Amino acid sequence: MQPRGADEVSAVRRIGGILLLGLLGLAALPASANPAREYEVKAAFLLNFARLVHWPDTAFTAPDMPIRVVCFARNPFAGALEAILAQETVQGRAFRVETTQRLADVRGAHLVFVPADQAGALDDLERTVEDAPVLLVGESEGFAARGGVINLYTEDGRIRFEINRKAAERRGLRLSSRLLRLARLVAEQR
């Protein structure tokens, strides 16, 4: 295991409470009680996923290339994602958040968030990015089993996540053992 850089350790300490609660799945909130709070927690999950996933060097065309986070079709985070990622870096890389409705604009992304109402686009998204190192994260039932890498879901009033390891491997993404221990692992059902 590689030692953490000073910027990574500092970032972990700064975001403390919400990220720890979010990553451990302890964010107790009813799924529909406070959508803004729900998406703050989901934004924290995305940051932690970026910290605990290793993209191959070929995913970046320059040493200072930012991690490109794309919300497909719409951005449900109401500014929370941008706020959480604004001052953060992972392995010295800043984040750039975009929203697009065009499949072609997803090419070259590192992390793509697919809102629940866009789950039907998963097959098209997979064809668009092919086997590129793209972390596909969704929030709809069966998303990971259908080929997405990570799916966020609510159980007992808490946000949790499941991982499709085969989809991650197919995309050349290495997932931290810490991330895998916290996830519910699902088999691909394609």
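Scoring rules and cut-offs
Residues numbered from 1 in each chain as written. Predicted model: local features only at pLDDT ≥ 70, side-chain atom pairs only at ≥ 80, totals over all residues. Heavy atoms only, no water. Helix = DSSP H or I, 4+ residues; strand = E, 2+ residues; numbered from the N terminus. Buried < 20%, exposed > 50% of the residue type's maximum accessible area, 1.4 Å probe, protein only. Contact = heavy atoms within 4.5 Å. Areas by Shrake-Rupley, 256 points an atom, 1.4 Å probe, with all protein chains shown as cover. Pairing = 2+ DSSP bridges. Axes fitted to C-alpha atoms, helices over the stretch in contact; angles between N-to-C directions. pLDDT = per-residue confidence, 0-100. Phe/Tyr/Trp six-rings, centres within 6.5 Å; stacked < 30°, edge-to-face > 60°. Arc of directions from axis to C-beta. Core = buried A, V, L, I, M, F, W, Y, C linked by side-chain atoms within 4.5 Å. Right-handed = clockwise from strand over helix to strand, strands pointing away.

### Topic: the overall build of the protein
Here is step 1 of the chain: Each helix and strand in the protein was counted, giving six helices and nine strands.
Here is step 2 of the chain: Taken across its 190 residues, the protein has 49% of its residues classed as buried.
Here is step 3 of the chain: Nonlocal contacts in the protein, meaning residues at least 24 apart in sequence, comprise 65% of its contacts between residues at least 6 apart.
Here is step 4 of the chain: By element, 51% of the accessible surface of the protein is carried by carbon and sulfur atoms, the whole surface being about 9200 Å².

### Structural notes on the sheet that holds strand 5 (residues 135-138)
Here is step 1 of the chain: Reading across from one edge, 3-2-4-5-6-7-9 is the order of the seven strands in this open sheet, with mixed pairing throughout. Unpaired on one side and paired on the other, strand 3 (95-100) and strand 9 (184-185) mark the two borders of the sheet.
Here is step 2 of the chain: In this sheet, strand 7 (residues 158-163) lies alongside strand 6 (residues 150-155) in antiparallel orientation, the contact comprising six bridges. When the bridges of strand 7 are listed, Thr154 appears paired with Ile159.
Here is step 3 of the chain: Its contacts with the sheet place helix 2 (residues 35-52) against strand 3, strand 4 (111-114), strand 5, strand 6 and strand 7, and it is angled at close to 35° to strand 7.

### Digging into the confidence of the model for the protein
Here is step 1 of the chain: Overall, the predicted model of the protein reaches an average pLDDT of 86, with 82% of residues at or above 70.
Here is step 2 of the chain: In the predicted structure, residues 1-31 sits below a pLDDT of 50 and forms 56 contacts with residues beyond four places in sequence or in another chain.

### What to know about the packing of aromatic side chains
Here is step 1 of the chain: According to the stated counting rule, one finds five aromatic pairs in the structure shown.
Here is step 2 of the chain: An angle of 55° between the planes, with centres 5.7 Å apart, marks the rings of Phe45 and Phe49 as tilted. In this pair, Phe45 and Phe49 both sit in helix 2, four residues apart, roughly one turn of the helix. For the residue pair Phe45 and Phe49, the accessibility class agrees, reading buried in each case.
Here is step 3 of the chain: When the centroid spacing of 5.2 Å and the interplanar angle of 70° are considered together, the rings of Phe49 and Phe161 count as edge-to-face. Of this pair, Phe49 sits in helix 2 while Phe161 sits in strand 7, and the two are 112 residues apart along the sequence.

### Remarks on helix 4 (residues 122-129)
Here is step 1 of the chain: Within the sequence span of helix 4, burial applies to Leu122, Leu125, Glu126, Thr128 and Val129. For helix 4, the angular spread of the buried residues around the axis is 160°, confining them to a single face.
Here is step 2 of the chain: Directly after helix 4, the chain includes Glu130, whose backbone phi takes a positive value near 50°.

### Quick word on unusual backbone geometry
Here is step 1 of the chain: Non-glycine residue Ala73 carries a positive phi angle of around 75°.
Here is step 2 of the chain: Its place among the elements puts Ala73 in the loop between strand 2 (67-72) and helix 3 (80-85).
Here is step 3 of the chain: Ala73 sits in the buried class, given a relative accessible area of 14%.
Here is step 4 of the chain: Notably, Gln91 is not glycine yet its phi reads approximately 50°, a positive angle.
Here is step 5 of the chain: In this fold, Gln91 is placed in the loop between helix 3 and strand 3.

### Re the nonpolar core
Here is step 1 of the chain: In terms of nonpolar packing, the biggest core is built from 42 residues, with Phe49 and Leu135 touching the most fellow members.
Here is step 2 of the chain: Once residues within four sequence positions are removed from consideration, Phe49 is found in contact with Leu135, Val137, Ile150, Leu152, Phe161 and Leu179.

### Section: the pairing of strand 2
Here is step 1 of the chain: Most of strand 2 is tucked away, with six of its six residues classed as buried.
Here is step 2 of the chain: The side-chain alternation of strand 2 yields two buried faces, one formed by Ile67, Val69 and Cys71 and the other by Arg68, Val70 and Phe72.
Here is step 3 of the chain: Of the strand pairs in this sheet, strand 2 and strand 3 are connected by six bridges, and their pairing is parallel. Each residue of the ladder has a partner; that of Ile67, found in strand 3, is Phe95.
Here is step 4 of the chain: Viewed along the sheet, the connection from strand 2 through helix 3 into strand 3 turns out right-handed.
Here is step 5 of the chain: The pairing of strand 2 with strand 4 spans three bridges and is classified as parallel. Each residue of the ladder has a partner; that of Val69, found in strand 4, is Leu111.

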